[in-house]
Amino acid sequence: LRRKQKMLKDNVILGDCLDKMREIASNSVDFVYLDPPFFTNRSHKSTTRDGKRTFSFNDVWSSQEEYASFISERLYECKRLLKKTGSLFFHGDHN
């Protein structure tokens, strides 16, 4: 097994959040910002201001239960990572 990493100060990690969080040691993070899909059941597409790059993602779910499971897995990992004095900012929507 790979040893879990401690977080560095002011570190930003790029990648799938669930995979990346599983690589981080428990009780080692001061702050987590989670901005998940909003359960819109649509595909989204955006282009950079200069028009050179396009990004897209599907926010389509088979059920509310599937979406809740997706969110729950990530919240569980966030809680595991946070120090007792840590904070979680969850960016949500009314959907």
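From a predicted model like this one, the values you see are computed outputs, not experimental measurements.

How each quantity is defined
- Residues numbered from 1 in each chain as written.
- Predicted model: local features only at pLDDT ≥ 70, side-chain atom pairs only at ≥ 80, totals over all residues.
- Heavy atoms only, no water.
- Helix = DSSP H or I, 4+ residues; strand = E, 2+ residues; numbered from the N terminus.
- Buried < 20%, exposed > 50% of the residue type's maximum accessible area, 1.4 Å probe, protein only.
- Contact = heavy atoms within 4.5 Å.
- Patch = residues over 30% accessible without salt bridge, like charges linked within 9 Å, V, L, I, M, F, W, Y side chains within 5 Å.
- Areas by Shrake-Rupley, 256 points an atom, 1.4 Å probe, with all protein chains shown as cover.
- Salt bridge = Lys/Arg side-chain N within 4 Å of Asp/Glu carboxyl O.
- pLDDT = per-residue confidence, 0-100.

## Some details on the overall build of the protein chain
Secondary structure summary: the protein chain contains two helices and four strands in total. Its C-alpha atoms give the protein chain principal-axis dimensions of about 35 × 35 × 30 Å. Counting every position in the protein chain, which comprises 95 residues, the buried fraction comes to 23%. Of all intrachain contacts in the protein chain linking residues separated by at least 6 positions in sequence, the fraction that spans at least 24 positions is 57%.

## Observations regarding a nonpolar patch on the surface
Taken together, the side chains of Phe31, Tyr33 and Phe89 present a nonpolar region at the surface, about 340 Å² in accessible area. Structurally, Phe89 is set in strand E4 (residues 82-90). Under the relative-accessibility criterion, Phe89 is labelled partly exposed at 42%.

## Details of the pattern of salt bridges
Per the stated rule, a full pass over the model turns up four salt bridges. Put simply, Glu73 and Arg22 hold a salt bridge, and the shortest N to O gap is 3.6 Å. With a gap of 51 residues between them, Glu73 in helix H2 (residues 64-81) and Arg22 in the loop between helix H1 (17-21) and strand E1 (29-34) connect regions that are remote in the sequence. Take Glu73: its relative accessible area is 36%, and that puts it in the partly exposed class. Under the relative-accessibility criterion, Arg22 is labelled partly exposed at 40%. Residue Glu77 pairs with Arg80 through a salt bridge whose shortest N-O separation is 2.8 Å. On the criterion of helical spacing, the pair formed by Glu77 and Arg80 is a turn pair, its members being three residues apart in helix H2.

## A closer look at the confidence of the model for the protein chain
Averaged over the protein chain, the pLDDT score is 89; the fraction of residues at 70 or greater is 92%. Looking over the protein chain, one finds the lowest element-wise mean pLDDT in E1, namely 91, and the highest in E4, namely 96.

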